[in-house]
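Overview (structure and organization)
Listed below are the residues making up each chain.
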Amino acid sequence: MNGDRRQFLATAAALPLAQALSAAADADKHTRLGVVQYSYAIRLSADRAAGKTGFSDPLAFVEHCHELGAGGVQLGIGARDKDYLADLRKKLDAYGMDLEGSIRLPKDRADGERFTAEVRSARDAGAKVLRTVLFGGRRYEQFAAAADFRRAREQAEQSAALAEPIVAKHDMLLAIENHKDYRAGELMDLLRRLDSRHVGLCVDTGNSIALLEDPLEVVRTLAPRAFTVHLKDMAVAEHDEGFLLAEVPLGEGFLDLPKMIVLLRAARPAIRFNLEMITRDPLRVPCLTDKYWATATASGRDLARTLTMVRKRKQTLPRISGHERKEQLAIEEENVRKSLSYARKHLEL
């Protein structure tokens, strides 16, 4: 840990939260990069534990991201009344910030009413894009047998098919994330089956490493159908059962972010980029276990390439466990701040 980081953490832990946030912001800070709500998972958890709305309130989250100089937000809007949505849109317009929603697919036809209400709220707040996922969990953790995965996959694709006419009716774009569930080719096959200009992708630059895919090739494959981007940087380390995978501040990992941005912009010139910097312990990717391969569609070549790449990396991965909650909040804030600053200075975002 360098001296500047130690000083920041000590200062942030000692000050009231509002002052800590002010200390975290750069004086020359404005960026076009948006911020995904999940970048504040620790803060959201702390708010819930304290019985506070906090950053789960879109107005509060927008205000904070504006203070950081972010160019937009991607968040769960939910179903809101007209006055709230008018206030949200007014604030976003005043700050010149973009809005994207995050939404859960309808479980079945009965859940379509909830989904429709949330789509309308997002539209009325000014969003055009709604990010979603097919599965809430990671494929290799959630399913122990191929049959279980196939059943869940059928259900997820039915949900996507139910969502399509709803987003189309409201002229919205539904962006399915590569969420450690589908490999890139599987997602493109799904989009071909859905055959809708209203359903595309949220390209996450790091997730698919967990499915033994080359991150640059994933971006190259998915870019033509991308509606939005989760921009993140990654670090890896060897583990007895495979490898460890961790998000790190932009510029501190091994991803070729400039090349990814070029590929995405070449395919979709107007695409928006959103920072997803999740501060947590590294995730275990147990690609040398039987359970992992029960649902895997990767090849032996994919495994060999990925493990060779991992073994070339010597970076010590960050860990959040063991820190007091106040210090965890400070580290989370610093990671977001550093990433926004790097994007502005080095990625033209």
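A brief report on the enclosed structure follows. (Residues numbered from 1 in each chain as written. Predicted model: local features only at pLDDT ≥ 70, side-chain atom pairs only at ≥ 80, totals over all residues. Heavy atoms only, no water.)

For the structure on display, the rule yields 26 salt bridges. In this structure, arginine 153 engages glutamate 186 in a salt bridge whose closest nitrogen and oxygen atoms are separated by 4.0 Å. Of the two residues, arginine 153 sits in helix H8 (residues 146-169) while glutamate 186 sits in helix H9 (residues 184-194), which places them 33 residues apart along the sequence. Since its relative accessible area comes to 23%, arginine 153 is described here as partly exposed. Here the residues in one salt-bridge network are Arg139, Arg153, Glu157, Glu186 and Arg193, joined through shared partners. (Salt bridge = Lys/Arg side-chain N within 4 Å of Asp/Glu carboxyl O. Helix = DSSP H or I, 4+ residues; strand = E, 2+ residues; numbered from the N terminus. Buried < 20%, exposed > 50% of the residue type's maximum accessible area, 1.4 Å probe, protein only.)

Rolled over the atoms, a probe with the dimensions of a water molecule shows which regions are left empty. For the structure shown, the criterion picks out two cavities of 30 Å³ or more. What the largest cavity holds in volume is close to 60 Å³. Counting only elements with at least two residues in the lining of the largest cavity, the list comes to helix H7 (139-142) and helix H12 (290-295). Of the residues assigned to the lining of the largest cavity, the class counts are six nonpolar, two polar and two charged. (1 Å grid on protein atoms, 1.4 Å probe; cavity = no way out; pocket = protein on both sides within 12 Å on 5 of 7 lines; lining within 4 Å. Points joined across faces, edges and corners; volume = space filled by probe spheres on them. Nonpolar A, V, L, I, M, F, W, Y, C, P; charged D, E, K, R; others polar.)

Here alanine 144 shows up in the loop between H7 and H8. In this structure alanine 144 comes out as exposed when scored by relative accessible area, which is 53%. Note: C-alpha distance between alanine 144 and leucine 283 (139 residues apart in sequence) is 18 Å.

Its 13 residues give helix H13 (residues 300-312) an end-to-end C-alpha distance of 19 Å, which sits within 8% of 18 Å, the value for a rise of 1.5 Å per residue. Buried within H13 are the following residues: Asp302, Leu303, Thr306, Leu307, Met309 and Val310. For H13, the angular spread of the buried residues around the axis is 155 degrees, confining them to a single face. Residues of H13 that are exposed and point more than 90 degrees away from the buried face comprise Gly300, Arg301 and Lys312. Its buried side turned inward, H13 meets strand E8 (233-239), strand E9 (242-248) and H12. (Expected span 1.5 Å × (residues − 1). Arc of directions from axis to C-beta. Contact = heavy atoms within 4.5 Å.)

Backbone-to-backbone hydrogen bonds pair the strands of a sheet. The strands run either parallel or antiparallel. Strand order in the closed barrel formed by eight strands is E1-E2-E3-E4-E5-E6-E7-E10, and the pairing between neighbours is parallel. For this sheet the average axis-to-axis angle between neighbouring strands, irrespective of direction, equals 30 degrees. Here four bridges tie strand E4 (residues 129-132) to strand E5 (residues 173-177), and the two strands are oriented parallel to one another. Pairing of valine 129 across the sheet is with leucine 173, part of E5. (Pairing = 2+ DSSP bridges. Axes fitted to C-alpha atoms, helices over the stretch in contact; angles between N-to-C directions.)

Helices that pack against each other are described as a pair by the angle of their axes relative to one another and the distance between those axes. Where helix H5 (residues 82-95) contacts helix H6 (residues 112-125), the two axes come as close as 8 Å, and the packing angle between them is 40 degrees. Here H6 runs oblique to H5, going by the angle between their axes. Here Leu85, Leu88, Arg89 and Leu92 of H5 come into contact with H6, specifically with Ser121, Arg123, Asp124 and Ala125. Its residues assigned to classes, the contact of H5 with H6 comprises four nonpolar, one polar and three charged. (Parallel < 35°, antiparallel > 145°, perpendicular 65-115°, else oblique.)

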